[in-house]
Amino acid sequence: MTTAPSERTLPAAAALLTGTVALYMALVAFGNITDFGTNQQFVRHVLAMDTTFKDDDLMWRAVTSTGLQDAAYVAIIVWETVAALVLLAATVLWAGALRRRSGYPRARRLGTLGLLMVLLLFGAGFIGVGGEWFAMWQSEDWNGLDAATRVVTLAGLVLLVTHLPSAAGPADGGKRQGL
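What you see is a predicted model, and the numbers here were worked out from it, not measured in a lab.

So, how was this worked out
- Residues numbered from 1 in each chain as written.
- Predicted model: local features only at pLDDT ≥ 70, side-chain atom pairs only at ≥ 80, totals over all residues.
- Heavy atoms only, no water.
- Helix = DSSP H or I, 4+ residues; strand = E, 2+ residues; numbered from the N terminus.
- Polar contact = N/O pair within 3.5 Å; in protein donor to acceptor, adjacent residues only side chain to side chain.
- Contact = heavy atoms within 4.5 Å.
- 1 Å grid on protein atoms, 1.4 Å probe; cavity = no way out; pocket = protein on both sides within 12 Å on 5 of 7 lines; lining within 4 Å.
- Points joined across faces, edges and corners; volume = space filled by probe spheres on them.
- Nonpolar A, V, L, I, M, F, W, Y, C, P; charged D, E, K, R; others polar.

*Asks:* I'm lost on the side chain of T112 in this one. Help?
*Replies:* Looking at the secondary structure, you find T112 in helix α5 (residues 104–133). Of note is the side chain of T112, whose polar atom sits 2.7 Å from the backbone oxygen of R108. T112 has contacts with L159, T162 and H163, leaving out every residue within four places of it along the chain.

Have a look at this one:
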């Protein structure tokens, strides 16, 4: 069975969108590696809570050890780098699947893994832990919630597009005749 171009539209969109997030994550990781100090200061200030309201009921959460702060920052960079590589590999799989008109489930699974990595980092890590636990929302100078929300929105939308049902293959990754 051959698939008409219109049946490949959604997988093509998933491929391009996954590639977009892969590029974004690669640039973020590259920027953090080549300009280490800029976001290192951001992470240090957020974890130290030194620009928050200084509420005694919250300040016990502060991490003031620069060693721990820097370890957290390096872990973030490693996570970003791995997510970028996973998404890049998923983009390559999507491109191959489009050419062969098969292999969508594997591309979808790997893309899902990479997108979930991004959602965990920016959603749970930056919005949840940074924003709420370390009260980043209180800081006028070191507040990354808007940027994190944009990334969560982008990655979430790409994940949804990736899992929409398509004539080229079922969203659950199951097998169809002719794929």
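Once the structure has been displayed, the description carries forward.
*Asks:* Explain empty space enclosed by the protein to me, please; I cannot follow it from the model alone.
*Replies:* What the rule picks out here adds up to one cavity of 30 Å³ or more. For the largest cavity, the calculated volume is near 30 Å³. Considering the residues around the largest cavity, the lining is formed by H45, V46, M49, T51, T52, F134, A135, M136, S139 and W142. Along the lines of polarity and charge, the residues of the lining of the largest cavity split into six nonpolar, four polar and no charged.

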